[in-house]
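# Results of the structural survey
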Amino acid sequence: MSNAPFKKTKTFWNVGRKISLVAVVVISVLFAIFTSVNWNIEKQRITEIWIENVTVKTERLAAQISGAVRREQPNAIWHSFNFLTPSEQATPFDLRVYNPAGKKLLEHVGLNHPPQDLRFSKLLEGKTQKTFHHLDDRGVTVAVPIKTLRSKAYGTLVITWSLSPLNNHLLNSLKSQTYLSLGIISFASLFIVILAKLTIGAHLAQLSNDMLLIVNNQRPKTSQHFKRKDELGVIALALEVFKHRMDEFKKTRTTLEEKTNLLGMTLEKEVVQNSMQRDFVSMASHEIRTPLTIIDSSVQRIRRRIDTLDKDFIDEKLHKISGATQRMLELLDSTLSASRIEAGEVEMSLTPIDLAGLLALTCINHQDYSEHHQIIYDTQRLPRSILADKPKITQIFSNIISNAIKYSPGAEQIIIGSYVENGRAYISFQDFGIGISHDDWSKIFGRYFRSSNTSGISGTGIGLCLVQWLLELHGGSISVESELDVGSTFTIMLPIKDAGEEQAEIIDVPLISSESDFSGADQIAVARS
C-alpha cells in the first residue's frame, strides 16, 4: 500500500444525506398512501352529501310542480323550474315528468344522457312513493314522486343532474389536500434533514474524521460518543479501543525498529571488531616475534664469540636484549590491561605519586631505547604529589611516547610539554611524523583501529584505546590535533586529586631534558604552527 496521506473523498450523498433521503421518501410514500385513503373517504362523503342535496332539491321541485302536473299543463310545469339559481340553470340536466299513468308530460334534454327510467318502474306505476337515485359516470339520476300534502301521488319527476359541480368541488378539495400534504411533507423533510445532520450526520462526520486522523498516523482527541448507548456509541467505543491498540502497535513497532537498528549496528560493529581482532592477532604475533628475534640473534652472537668479546660489544647486545624485552612487556601489559578493562575486572589503586617525576622518568627510559629520536620534555609545572594509580599512569605515558617514536620514523625530536589550569594537569605529546587524517581523528581511540597511512609500521591498534580507558578511570580525557605528513599532538587531561597529608615519594630525575634542547623544540613548534 502507498504511504501517501489518506484523504477524505468529498461527496454530496454522504451517509447523513442518504439517511435523510430514505426517511423523506418513506414519509412521502406513507403520507401519499394516507392522503389517498383519506381522499377516497372524503370523496365518498362529499358525493353522499351532494346526492342528498340534489335529492332534496328534486323533492322541492316536485312539490312545486304538483298542481301543474295534476292539471297536466307542461308550460306551467316548466315555468316552475325558473326558481332554480342561475348557476343551477347554467348546469346542464335532463328532465322528465310522468303522470300517474306513466305518460310523459314534459322532457328536457341537457346532458344527452340516455334515459333509463325503467329502473324506477315501481315508482312510475305508483306502487311505491319512495325516492330513488342512481349514480353513474355521467350524472346522478333522482326519481321522486309528485304528491300533495295528503300524500296523494300525481306523477313522477325524474331529473339527471350533471356531475360537473361535484367534480369541481372534488377537484378543489383534492387541490387543497394536495397543497396541504406537500406543505406537511416539505416541513417534515426539512425537519428530518436538520435532525439527521445534527444527530446522525454530525456524529458520523466526527467518527470518520477521527478514523482519517488514525489512518494518517495522527492522534485524535478522545471521543465523547462512546458514552452513548446506541450503535454510534458502539462504533465510537470500538474506535477508541482501536486508537489505543494503534498506539501500542506504534510503540511496539518503534521498539522493534530500535532493537533492529541496534542489532544491525551491533552486528556491524561485531564484524568490524572480528576483522580488527584478526588483524590484531597477526600484528601482535609480529610484534612479539620481532623482539624475540632480536633477543635470539644477540644471544647467538654472544655465544659464538664468548671468548673474544669486549665489554662494549656485550653492553650493546645487552642493551638490545633489554630494549626488546621492554617492548614485549609493554605489548603484553597493554593487551592484558585492555582485556581486563573490557571484562570489567580492572581495579584502581590510588596512591600518592610524583606526577612530574614519573613523566620525566618515562621520557628518560624511552630515550635509552630510542636510537634516532631526541625526547625533549619539561615537567616542572606538574604537581609532585597527587592521588593516582601509578602503574596505569605509567602505562599511559609509555604508550603515547612509544607511538610518537613509532609513527615518526623520519623525525628527530619528540616534544613533551605540560601546564596546570583550574585544578587540572595538561600534558601534550608532539611528534613530527606521518600524521593522522582528519577523518580518522574520532576513530583512532577505537579498539584495534589503525589509520590508513600506517601500513608497513608495526602496531596492534589497542594503545590509544587503552590510554583513553585508563584516563577515563581517572576522570581524565585525551584529544588529538594532527596533519598528514606534518605530525600529531596528543593532549591528555588529568584532574589533580590532593594526596592530603601523605606525600608521594619524590623521583630523583631531571624535570627538564635541558634548557638548550627545549629552546630548540620551541622554535620547531613555532615553525610548525
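Look a little higher up for the structure.
Since this is a predicted model, take the numbers as computed values, not measurements.

Of all hydrophobic cores here, the largest spans 41 residues; its most connected members are I393, I396, F397, I416, F429, F490 and I492. With near-sequence residues (within four places) excluded, I393 lies in contact with I353, L355, L358, A388, H474 and L494. The next biggest cluster of nonpolar side chains, apart from the first, holds 28 residues, and it includes W50, I51, I65 and V140.

So, on to the side chain of S385. Counting through the fold element by element, S385 comes out in the loop between β7 (374-377) and β8 (386-388). Its relative accessible area of 17% is what places S385 among the buried residues. Of note is the side chain of S385, whose polar atom sits 3.4 Å from the side chain of Q503. A polar contact of 3.1 Å, which involves the side chain of S385, links it to the backbone nitrogen of A504. If we ignore the near neighbours within four places in the chain, the residues touching S385 are P352, I353, A499, E502, Q503 and A504.

A separate point is the sheet that holds strand β10 (residues 424-431). Each strand in a sheet pairs with its neighbour through backbone hydrogen bonds, running either in the same direction (parallel) or in the opposite one (antiparallel). Pairing within the open sheet is mixed, and its five strands lie in the order β7-β9-β10-β12-β11. Every other strand in the sheet has two partners, leaving β7 and β11 (477-483) as the edge strands with one partner each. Within this sheet the neighbouring strands show an average axis-to-axis angle of 15 degrees, counted without direction. Alignment of β11 against strand β12 (residues 487-495), held across seven bridges, turns out to be antiparallel. Bridge pairing in β12 places S479 opposite T491.

This paragraph deals with the sheet that holds strand β4 (residues 139-147). In spatial order, the strands read β2-β1-β5-β4-β3; together these five strands make up an open sheet with antiparallel pairing. The sheet terminates laterally at β2 (104-108) and β3 (132-135), the two strands that pair on one side only. Each strand of the sheet is rotated relative to its neighbour by a mean of 10 degrees, with strand direction disregarded.

A positive phi is found at E72, a non-glycine position, where the angle reads about 55 degrees. Position of E72 among the secondary structure elements: in the loop between α2 (66-70) and α3 (74-79). With a phi angle near 55 degrees, N422 is a residue other than glycine that sits in the positive phi range. Its place among the elements puts N422 in the loop between β9 (413-421) and β10.

Procedures and definitions
- Residues numbered from 1 in each chain as written.
- Predicted model: local features only at pLDDT ≥ 70, side-chain atom pairs only at ≥ 80, totals over all residues.
- Heavy atoms only, no water.
- Core = buried A, V, L, I, M, F, W, Y, C linked by side-chain atoms within 4.5 Å.
- Buried < 20%, exposed > 50% of the residue type's maximum accessible area, 1.4 Å probe, protein only.
- Contact = heavy atoms within 4.5 Å.
- Helix = DSSP H or I, 4+ residues; strand = E, 2+ residues; numbered from the N terminus.
- Polar contact = N/O pair within 3.5 Å; in protein donor to acceptor, adjacent residues only side chain to side chain.
- Pairing = 2+ DSSP bridges.
- Axes fitted to C-alpha atoms, helices over the stretch in contact; angles between N-to-C directions.

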